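# Observations on chain architecture
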Amino acid sequence: MKSKHPDLVVAFKNGELVSDDEYYMLCRRGDEWALPKPDELIPLPHESEFFLLPGRKAVGLNKETGQVEELDDMLAVAAFVAPGYTLSGHPVYITEENAPTLPLFAYGAVGVIGDEFYVCAMQVDKDNRQVFEGISPKKIEKQAKAIIKEFPKNRLMQHLMYNCVLRYGCPAAKNLVLGRFEAPLPTSKACNARCIGCISHQGEDSSICQAPQDRMNFTPTAEEIVEVMFFHQQHEKQPIYSFGQGCEGEPLTQGALLVEAVKLFRERGGIGTVNLNSNASMPKWIKELALVGLNSLRVSMNSAREDVYNRYYRPTNYSFKGEVCESIKIAKEHGLFVSLNLLFFPGVTDCEEEVEALIELVNTYKVDFIQLRNLNIDPEMYLQLLNGIDFGPSIGLLNFTKRLKTYCEHLQFGYFNPKICKDI
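Here's what I pulled together on the structure shown here. (Residues numbered from 1 in each chain as written. Predicted model: local features only at pLDDT ≥ 70, side-chain atom pairs only at ≥ 80, totals over all residues. Heavy atoms only, no water.)

## Observations concerning the packing of aromatic side chains
Here the distance between the centres and the angle between the planes together describe a pair of aromatic rings. Cut-off, in case you're wondering: Centre distance within 6.5 Å is the pairing criterion for rings of Phe, Tyr and Trp, where only the six-membered ring of Trp is used; planes under 30 degrees apart are then read as stacked, over 60 as edge-to-face, and the remainder as tilted. Each helix corresponds to a stretch of at least 4 residues labelled H or I by DSSP, and each strand to a stretch of at least 2 residues labelled E; elements are numbered beginning at the N terminus. Relative accessibility thresholds used throughout: buried, under 20% of the residue-type maximum; exposed, over 50%; partly exposed, between the two (1.4 Å probe, protein chains only). Charge-over-ring contacts are defined here by two conditions on Lys NZ or Arg CZ: a distance within 6 Å of the ring centre and an angle within 35 degrees of the ring normal.
In total, this model carries 16 aromatic pairs according to the counting rule given. On the numbers, 6.0 Å between centres and 50° between planes, the contact of Phe 337 with Phe 369 is tilted. With a gap of 32 residues between them, Phe 337 in strand S17 (residues 337-344) and Phe 369 in strand S18 (residues 369-374) connect regions that are remote in the sequence. Using a relative accessible area of 15% as the deciding quantity, one classes Phe 337 as buried. A relative accessible area of 7% places Phe 369 in the buried class. Each residue in the set Tyr 309, Tyr 312, Tyr 313, Phe 320, Phe 345 and Tyr 382 is aromatic and connected to the rest through ring pairs, giving one cluster. Over the aromatic face of Trp 285 sits the side chain of Lys 284, whose NZ or CZ is 4.4 Å from the ring centroid.

Structure below.
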């Protein structure tokens, strides 16, 4: 790491990116604006993307005066980092009146040193399951179309190929095409939460222009699900199958269907790790699934504090301290590997009150793993959503992980669902 701060990266309104060597890049953690810490700057990972932030003026630290200044007529720029990396800081900008709400992505503070871009982030998982560098998009498209012909009557497979691969370029669905890693198994049209940042459904009252993708509009049969699972098993020696995807609602609202599908799969000799990505709102189905062959549960949350959780998830007919915690308890009692899909937001998730609540949750229920995922949301929208809640000082992403490891020695970190059934 070179011994100086990155210069500011900005954009003209026509989209052209430039660096401004009169200003240092700043980063934002909650309401705090500051220079990035040297230990949180990394070269921008391959397969990351740049975003222009409409209606948002770039802001930097003037090298000569030491003053924070906005740059007229220059747009702020952010980086959307590749999978396996967690952001530790958002970009700093001034939002103009009537600026649109930003789409549902994660926005990282990005700058430049010499000829290399740097971002405020940390690599939390070296698994390359969502790296497609060197794989021809035409190859994936060709194989997807071949699978469509091979399974003309399987609606789930058709959905995964037509919508998830060919329309949206979903990494999980592309891996199904390539016969590697983790296969997605969406099943549910409905949801019992109304997440502010839901990527498959936004209500009429939402200020977000639209969800990044459409929610599935049918319910597959158990036979359709099992057929997809065995297709994946034929091509991957240590397969993972995951219920609960971005193109669906909450899979536990189809609990009976999931139980039937997992039971059939195991009875017919199905191998590998069967995983459930869920809001863990229905403890009954967690037990039933464990009994028929589920291996792991990943519980989605933005916070271990109920008020913070409720502001984002807006649960219907369940509660965090009630059903969610009960589901985690039951999962552990029945031998499941339990992960938290922690939606990390710099300046909030890494604050003292949040860390303390998370440590208590992990130790109380012996949670095995935390997936440090980025919360995809307009940063100012999220902070406004949490207005009035006390968070205390931010300790930073690196100290966040160190603190948890100190007080939860058994805990592991990553980004992806780990393989549980390894001896197959």
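## Some thoughts on the nonpolar core
Put simply, the rule is: Joining through side-chain atoms within 4.5 Å is the link that ties buried Ala, Val, Leu, Ile, Met, Phe, Trp, Tyr and Cys residues into a set, and such a set is a nonpolar core. Whether two residues are in contact is decided by their heavy atoms, any of which lying within 4.5 Å being enough.
Residues Met 161, Leu 340 and Phe 400 are the most contacted members of the largest nonpolar core, which totals 98 residues. By residue number, the principal contributor to this core is helix H5 (residues 255-267), which donates seven residues. Among residues more than four places away in sequence, those in contact with Phe 400 are Leu 342, Phe 344, Thr 349, Asp 350, Val 355, Leu 358, Leu 372 and Ile 395.

## A few points about the pairing of strand S11 (residues 108-113)
This is how the line gets drawn: In this description, strands pair whenever DSSP reports at least two bridges between them.
Most of S11 sits out of view: six of its six residues are buried. Side-chain alternation along S11 places Gly 108, Val 110 and Val 112 on one buried face and Ala 109, Gly 111 and Ile 113 on a second face that is also buried. By the bridge criterion, two bridges tie strand S1 (residues 7-11) to S11 in an arrangement that is antiparallel. Within S11, the residue paired with Leu 8 across the bridge is Gly 111. Two strands pair when backbone bridges link them, and S11 and strand S12 (residues 116-123) are joined in this way by four bridges, in the antiparallel orientation. Among the inter-strand pairings, Ile 113 is bridged to a residue of S12, identified as Glu 116.

So yeah, pure geometry; function would need other evidence.
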